Protein chains: 2
Amino acid sequence: MGGAESMSRAEPMSHRGRGRTLGPLSREGPTVLELRQLKYFLAVADDLSVAAAARRLRMAQSALSQAVHKMERQLGTPLFDRAGGRLRLTAAGRLLLPEARALVDLPRSLLTSLP
Amino acid sequence: MGGAESMSRAEPMSHRGRGRTLGPLSREGPTVLELRQLKYFLAVADDLSVAAAARRLRMAQSALSQAVHKMERQLGTPLFDRAGGRLRLTAAGRLLLPEARALVDLPRSLLTSLP
DNA sequence: ACAGGTTACGACGCACGTAATCATT
DNA sequence: AATGATTACGTGCGTCGTAACCTGT
């Protein structure tokens, strides 16, 4: 009984407004990368090709392209240089690469160490 | 993407449904933890209270409760012992704690090191 | 009785697939 | 023209909020 009332209504959230629009603008703290995005970035950076990476990931290349673009928007920095129909890592991309690898591999080893 | 405005509204990030209507293959590895889940786990583990953590996270306690339960399902191991109306970390939970902290803090430092 | 955790249910919106278009060789 | 990146559009599924329920002190 008491539970329903005490939870009341939440407002300004730090992330996406899900169920109902809680606040007018959710502008708040820093947006944080998700592991899935980092995996996509790694796959594309590894092949320097969205198409090849999409095949490896078993997903449409449009979806992968969108994901990479979104990630760049979130970071506020391009990770790839698309000049000349070829993909090349930017300075920011090269900086992100080793960190992303470490970040992506951690949960895997973590899961295997659990019973 | 979801309409014309979805692209322009940048901010949230996360995972959700993958409208996978791909072929019968689509073999994916084991379900992997997302950073959002780890943040929730850390908040609950820190307060040893779903209600308090939910207030801090500005979200409903039911949503947080669901998220933690789902995470435990994914790991195949309970992270909290709910006996006696109190929350206590299980052995697996204690094992996960330091790793989760490292994992969650890494992207933050990564972002600040970018131009 | 109350505080807090869980279950039930509906809604909102992202991640993704398909299709069409643009760009480079 | 072909290969590949991007844009446009529709949508299934997951996440979260509200409400109701359950449990321990």
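Residues numbered from 1 in each chain as written. Chains lettered and ligands numbered in written order. Predicted model: local features only at pLDDT ≥ 70, side-chain atom pairs only at ≥ 80, totals over all residues. Heavy atoms only, no water.

**So, the overall build of chain A**
(1) Moving on: Along its length, chain A carries five helices and two strands.
(2) Moving on: Moving toward the C terminus, one meets the helices and strands of chain A in the order α-α-α-α-β-β-α.
(3) Moving on: Across the 115 residues in chain A, those meeting the buried criterion constitute 37%.
(4) Moving on: The long-range fraction of contacts in chain A, counting pairs at least 24 apart against all pairs at least 6 apart in sequence, stands at 43%.
(5) Moving on: Surface accessibility of chain A: about 6700 Å² in total, with carbon and sulfur atoms responsible for 54%. (Helix = DSSP H or I, 4+ residues; strand = E, 2+ residues; numbered from the N terminus. Buried < 20%, exposed > 50% of the residue type's maximum accessible area, 1.4 Å probe, protein only. Contact = heavy atoms within 4.5 Å. Areas by Shrake-Rupley, 256 points an atom, 1.4 Å probe, with all protein chains shown as cover.)

**Some remarks on the UniProt feature "domain: HTH lysR-type" (unreviewed entry) in chain A**
(1) Moving on: The positions UniProt marks with the feature "domain: HTH lysR-type" (unreviewed entry) are residues 33-90 of chain A.
(2) Moving on: The annotated region residues 33-90 of chain A carries 62% helix and 7% strand content, and the separation between its end C-alpha atoms amounts to 18 Å. (UniProt positions renumbered as here; feature names shortened; annotations may be inferred.)

**Remarks on unusual backbone geometry**
(1) Moving on: For Leu48(A), which is not a glycine, the phi torsion comes out positive at approximately 50 degrees.
(2) Moving on: Note that Leu48(A) resides in the loop between helix 2 (35-47) and helix 3 (50-57).

**Description of the nonpolar core**
(1) Moving on: Of all hydrophobic cores here, the largest spans 58 residues; its most connected members are Phe41(A), Phe80(A), Phe41(B) and Phe80(B).
(2) Moving on: Contributions of two or more residues to this core are made by helix 2, helix 3, helix 4 (61-75) and helix 5 (91-112) of chain A together with helix 2 (35-47), helix 3 (50-57), helix 4 (61-75) and helix 5 (91-112) of chain B.
(3) Moving on: When neighbours within four sequence positions are excluded, Phe80(B) is seen to be in contact with Phe41(B), Val44(B), Ala45(B), Leu48(B), Val68(B), Glu72(B), Leu87(B), Arg88(B), Leu89(B) and Thr90(B). (Core = buried A, V, L, I, M, F, W, Y, C linked by side-chain atoms within 4.5 Å.)

**With respect to the packing of aromatic side chains**
Residues and elements named next belong to chain A.
(1) Moving on: Within this structure, the stated rule accounts for two aromatic pairs over all chains.
(2) Moving on: Centre to centre, the rings of phenylalanine 41 and phenylalanine 80 are 5.7 Å apart; their planes meet at 50 degrees, and the pair counts as tilted. A residue pair is termed long-range when its members are at least 10 positions apart, and phenylalanine 41 in helix 2 and phenylalanine 80 in strand 1 (residues 80-81) qualify at 39 residues. (Phe/Tyr/Trp six-rings, centres within 6.5 Å; stacked < 30°, edge-to-face > 60°.)

**Considerations on the side chain of Glu72(A)**
Residues and elements named next belong to chain A.
(1) Moving on: Secondary-structure assignment places glutamate 72 in helix 4.
(2) Moving on: What makes glutamate 72 buried here is its relative accessible area of 9%.
(3) Moving on: At a separation of 2.9 Å, a polar atom in the side chain of glutamate 72 contacts the side chain of arginine 82. (Polar contact = N/O pair within 3.5 Å; in protein donor to acceptor, adjacent residues only side chain to side chain.)

**Some remarks on helix 3 of chain A**
(1) Moving on: For helix 3 of chain A, the side-chain oxygen to backbone nitrogen distance between the N-cap and Ala51(A) is 3.4 Å, and the N-cap itself is Ser49(A).
(2) Moving on: Arg58(A), located one to two residues past helix 3 of chain A, shows a positive phi value of around 55 degrees.

**Overview of the confidence of the model for chain A**
(1) Moving on: The pLDDT averaged across chain A works out to 75; a share of 71% of its residues lies at or above 70.
(2) Moving on: Residue range residues 1-30 of chain A is modelled with pLDDT below 50. Its contacts to residues more than four positions away, or to other chains, number 25 contacts. (pLDDT = per-residue confidence, 0-100.)

**Considering the environment of Thr77(B)**
(1) Moving on: For Thr77(B), the location among the structural elements is in the loop between helix 4 and strand 1 (80-81).
(2) Moving on: On a C-alpha basis, the gap between Thr77(B) and Arg88(B) in space is 14 Å, while along the polypeptide they are eleven residues apart.

**Things to note about the environment of Ala92(B)**
(1) Moving on: Within the fold, Ala92(B) resides in helix 5.
(2) Moving on: Discounting residues that sit within four places of it in the chain, Ala92(B) has contacts with Leu114(A), Thr77(B), Pro78(B) and Leu79(B).

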